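Structural overview for review
Residues per chain, in single letters:
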Amino acid sequence: MATRMVAEGLVSGLGDDARLLGGRRRADGKVVFPLPLGAGAEAYDAIELPREGTLWSYTVQRFRPKPPYAGPGDDRSFTPYAVGYVALPDAIIVETRIETDAIDRLRIGMPMTFTLQTFRTDADGAEVLTYAFRPSKEGDAP
Amino acid sequence: MTDVHIVGAGIHPFGRTEGRSGLDQGLFATNEALADAGLDWSQMEFAFGGSAAAGNADALLPRLGLTGVQFINVANGCATGGSALLAGYWAIKSGEFDLGLVVGFDKHPRGAFNADPEKSGLPAWYGETGLMLTTQFFGMKIQRYMGLHGITAETLGRVAEKAYENGARTPHAWRREPVGLNVIMSADLVSDPLTKFMFCSPAEGGAALILASDRKMRELGLAGPKVRGAAVRTRVSGSFEVFSPSLELERGPSPTVLASKAAYEMAGVGPTDIDVIQIQDTESGAEIMHMAENGFCQDGEQEELIAAGATRIGGRMPVNTDGGCLACGEPIGASGLRQVYENVQQLRGRAEGRQVEQARLGYSQVYGAPGLSAVAILEA
């Protein structure tokens, strides 16, 4: 099945080899996310950000956001999703959707792992992917 | 340099007023402020005004009178009203002007704000994938704060309970019915850990102030609170702000901390001197965090202070005496001026039903997207 990322320049690689992209400012080594594109991009080198980090904070989106949100379904079929910030060691804290079946077990400081998530399926059948993080030990007995 | 006084204050009740435009609510507030001072529009030498969603503030001119007056539109996110006040303050402080108007009004559609990534210099995917919501930011900021500083969900509930209690005593408030702690705590979550009663809603309203130099005030035989300090500050590197796809590992101070310090310095007073406090309460957690960011307590002390009723009217640091954003709603252009209006009422002893006894110093702070804060300190 056809898949595509929600935007260019977010990740490098595909599937299990995918990595979240950040930028390193050439002048001083400062790490940024997302990787700057367009004007000003030449001041940064693309870098792959760590796949593992810890949950810095989180919340749950309980109502379907208004546009420009372009997730699946409508107000009635909307499923709440978790979002949070994940601290990536020696790099940066990134905001992300959180993939989990157990929203109520999210805790600040828990280990998190980078993943790609099917965010919606377009009319042409193409799966639209975005980046996400999931609890590293999800699936283990609580 | 001259002192700056607020010699008139007017407000159009906040909430929802069907059939009345945002502009008309701004006009209502302006006329009320002029009447409060016993002045005529033709006497105004300048005006600064703002609205985020209800048109240009200078569209008031044909209705007020085309006097040729200097009228400058102000647009500064959620701190638009606070910024208009600051602009008016400096206009008089500079010695160029002696008498003028600051006004803010708005009328937002129902429901949460929908933000345009492009306007904030952010990529489209940030909005498309459902990360660009102010409600999420507030949920995450208080979630982390609660973890670090031992604030409980019940304290979030108590902040909202107090807001509706104060709103019930305030003629210009929108929510005028008390809401019980159990109802607040068991209501639907909007963005965890915050329930719908812990969030303010976009709303409608208008607020206006007449500013005068010391000399002009005496010449006109007027009186009113003195603006002792006023400051606007924006985010610095490392502060945790709304609409941030990433944060630096090293934390920096919030714009509120910076604006607060600057205003205290100008005023030559400190947090313990303040008698009545209006601080940004977009949601319950914001009021708790802003208590510390504005210097009224240390991080974590809110838990005990709020349980003991310190922030209620009659407590030792009354906060949001008119119910704040939680009870009044948030019309962006007017919200910061509503806080100052409330302090003017308190300092003039006109806050009937919610009066803080012998209030001499009033403090107000408005915070908002994209990460800025405006503080004003008034003296009776």
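The structure contained in this document is the topic of the report that follows. Computed from a prediction, not measured in an experiment: that's the story for all the values here. (Residues numbered from 1 in each chain as written. Chains lettered and ligands numbered in written order. Predicted model: local features only at pLDDT ≥ 70, side-chain atom pairs only at ≥ 80, totals over all residues. Heavy atoms only, no water.)

1. Section: the pairing of strand β6 (residues 52-61) of chain A
Residues and elements named next belong to chain A. In terms of residue burial, β6 counts as a mostly covered element, since eight of its ten residues are buried. Two strands pair when backbone bridges link them, and β6 and strand β9 (residues 111-121) are joined in this way by three bridges, in the antiparallel orientation. Bridge assignment links Thr54 to a residue of β9, and that residue is Pro111. Pairing analysis gives seven bridges linking β6 to strand β7 (residues 81-88), with the strands arranged antiparallel. Across the sheet, the residue bridging to Thr59 is Val83, located in β7. (Buried < 20%, exposed > 50% of the residue type's maximum accessible area, 1.4 Å probe, protein only. Helix = DSSP H or I, 4+ residues; strand = E, 2+ residues; numbered from the N terminus. Pairing = 2+ DSSP bridges.)

2. Quick notes on helix α5 (residues 134-149) of chain B
All names here are of chain B. For α5, spanning 16 residues, the distance from its first C-alpha to its last is 22 Å, which sits close to the expected 22 Å at 1.5 Å a residue. Of all 16 residues making up α5, twelve are buried, and the element is well covered by its neighbours. Along α5, the residues classified as buried are Thr135, Gln136, Phe137, Phe138, Gly139, Met140, Lys141, Ile142, Gln143, Arg144, Tyr145 and Met146. Of the residues one or two after α5, Gly150 is the one with positive phi, at around 65°. (Expected span 1.5 Å × (residues − 1).)

3. A word on the nonpolar core
In terms of nonpolar packing, the biggest core is built from 95 residues, with A:Leu20, A:Phe33, A:Leu49, A:Tyr131, B:Trp125, B:Ile274 and B:Ile377 touching the most fellow members. With seven residues, the top contributor of residues to this core is β7(A). With sequence-adjacent residues up to four places away left out, B:Ile274 is seen in contact with B:Tyr264, B:Val269, B:Phe296, B:Leu361, B:Tyr363 and B:Ile377. B:Val74, B:Ala79, B:Phe97 and B:Leu337 belong to the second-largest nonpolar core, a separate cluster that totals 39 residues. (Core = buried A, V, L, I, M, F, W, Y, C linked by side-chain atoms within 4.5 Å. Contact = heavy atoms within 4.5 Å.)

4. Some thoughts on the pattern of salt bridges
According to the stated counting rule, one finds 26 salt bridges over all chains in the structure shown. Where B:Glu248 meets A:Lys30, a salt bridge forms, and the shortest distance between an N and an O atom there is 2.6 Å. Placement of the pair is B:Glu248 in the loop between β9 (246-247) and α9 (255-267) and A:Lys30 in the loop between β3 (19-25) and β4 (31-32), with the two residues belonging to separate chains. Taking the relative accessible area as the measure of exposure, B:Glu248 reaches 27% and is therefore partly exposed. The class for A:Lys30 is partly exposed, based on a relative accessible area of 25%. One salt bridge in this structure joins B:Glu287 and B:Lys162, with 3.0 Å as the shortest N-O distance. Taken together, the positions of B:Glu287 in helix α10 (residues 284-293) and B:Lys162 in helix α6 (residues 153-167) put the pair 125 residues apart, joining distant regions of the chain. (Salt bridge = Lys/Arg side-chain N within 4 Å of Asp/Glu carboxyl O.)

5. What to know about the interface of chain B and chain A
Of the residues lining the interface, 35 residues belong to chain B; the matching set on chain A comes to 40 residues. Summing both partners gives a buried area of about 3100 Å² for chain B against chain A, and 61% of it is carried by carbon and sulfur. Contact with chain A buries area across many residues of chain B, yet B:Trp125, B:Glu128 and B:Met140 alone supply 22% of it, more than any other trio. One salt bridge in this structure joins B:Glu128 and A:Arg120, with 2.9 Å as the shortest N-O distance. Those elements that provide at least two residues to the side of chain B that touches chain A are α4 (124-128), α5, β5 (189-191) and β9 of chain B. (Buried area = accessible area lost by both parts, 1.4 Å probe.)

6. Notes on the pairing of strand β11 (residues 361-368) of chain B
Residue and element names in this part refer to chain B. Taken across its eight residues, β11 has eight buried, putting it largely inside the fold. Where strand β10 (residues 276-279) meets β11, four bridges bridge the pair, whose relative direction is parallel. Its bridge partner being in β11, Val276 is matched across the sheet by Gly362. Pairing between β11 and strand β12 (residues 372-379): eight bridges, direction antiparallel. Residue pairing for β12: Gly368 is matched across the bridge by Leu372. What sits between β11 and β12 in their antiparallel hairpin is a turn of three residues, with Gly371 showing a positive phi close to 120°.

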